[in-house]
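A look at the structure
Here is how the chains run, residue by residue.
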Amino acid sequence: EGELLTLRIEGDGPIGGLLVTADGKGDVKGYAFNPDVMLPPNAQGKLDVGGSLGLGVLSVIKDIGLKEPYVGQTQLVTGEIAEDLTYYFATSEQVPSSVAVRQAGGFIIQLLPGASDEIIDRLEAKLSGISSITSLLDAGKTPEEILTDILGEFGLEILKKMPVQFHCDCDRSRVEKAIISIGRKEIQDM
């Protein structure tokens, strides 16, 4: 409750970047800096996220209610969000992770400290057998079914489920404060 996670991606591609914020209640909001970008599909026939973002910086901002939020940054390696988040976890947080995303679906699997080589090898074999999160979701698999397919043999126990939804908490008062904070000269220049 009251904690926020923000991903800010700034790239040299035509979309310019993305900003997404999620809170502990499952409310998510976000926007693309230049949402009107239209690129042809990439070589795999998929949405060209990497081409639209280009290269730049991924920032992960965790506000857990302390004086200052934690900010971690890495370079964008490919512009593909799942690959760049996997790289971020490995380099900035030193947590071996596997990230897969599709539109509004995906997963992050992270190893706990002390995971044995045998567990790591079995998990890597499971993950390499997944064609894509897109194909699993298109086949009608639920998040629980996907996790069971990947982690079931490891004693998966789902402790909690909660809905995730787009929710913007902006209102007139909040927008007015944001505009005021810009300053008179900046507003006149705009």
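Overview of the structure. (Residues numbered from 1 in each chain as written. Predicted model: local features only at pLDDT ≥ 70, side-chain atom pairs only at ≥ 80, totals over all residues. Heavy atoms only, no water.)

To continue, consider the layout of surface pockets. The computed volume of the second largest pocket comes to approximately 360 Å³. In this structure, the second largest pocket is lined by 18 residues; those nearest its centre are Thr21, Lys29, Asp169, Cys170 and Arg174. Counting residues per element, the lining of the second largest pocket draws most heavily on strand E3 (residues 27-32), at 5 residues. Of the residues that constitute the lining of the second largest pocket, the class distribution is 8 nonpolar, 4 polar and 6 charged. (1 Å grid on protein atoms, 1.4 Å probe; cavity = no way out; pocket = protein on both sides within 12 Å on 5 of 7 lines; lining within 4 Å. Points joined across faces, edges and corners; volume = space filled by probe spheres on them. Helix = DSSP H or I, 4+ residues; strand = E, 2+ residues; numbered from the N terminus. Nonpolar A, V, L, I, M, F, W, Y, C, P; charged D, E, K, R; others polar.)

With that settled, consider the environment of Ile146. The topology assignment puts Ile146 in helix H5 (residues 143-151). Take Ile146: its relative accessible area is 5%, and that puts it in the buried class. Once the C-alpha coordinates of Ile146 and Gly114 are considered, the two residues, 32 residues apart in sequence, prove to be 25 Å apart. The contact partners of Ile146, leaving out residues within four places of it in the chain, are Phe107, Ile133, Leu136, Leu137 and Lys141. (Buried < 20%, exposed > 50% of the residue type's maximum accessible area, 1.4 Å probe, protein only. Contact = heavy atoms within 4.5 Å.)

Turning our attention to the environment of Met162. With respect to the secondary-structure elements, Met162 resides in the loop between H5 and strand E8 (165-166). When the C-alpha positions of Met162 and Tyr70 are compared, they lie 25 Å apart, and in sequence the two are 92 residues distant. When near neighbours in sequence (up to four residues on either side) are disregarded, Met162 contacts Gly24, Lys25 and Gly26.

A cluster of nonpolar residues, Val175, Ile179, Ile182, Ile187 and Met190, forms a patch on the protein surface that exposes about 450 Å² of accessible area. At 3 residues, the largest contribution of residues to the nonpolar patch is made by helix H6 (residues 172-182). When you line up the elements, Met190 lands in the segment after helix H7 (184-189). A relative accessible area of 71% means that Met190 is categorised as exposed. (Patch = residues over 30% accessible without salt bridge, like charges linked within 9 Å, V, L, I, M, F, W, Y side chains within 5 Å. Areas by Shrake-Rupley, 256 points an atom, 1.4 Å probe, with all protein chains shown as cover. Salt bridge = Lys/Arg side-chain N within 4 Å of Asp/Glu carboxyl O.)

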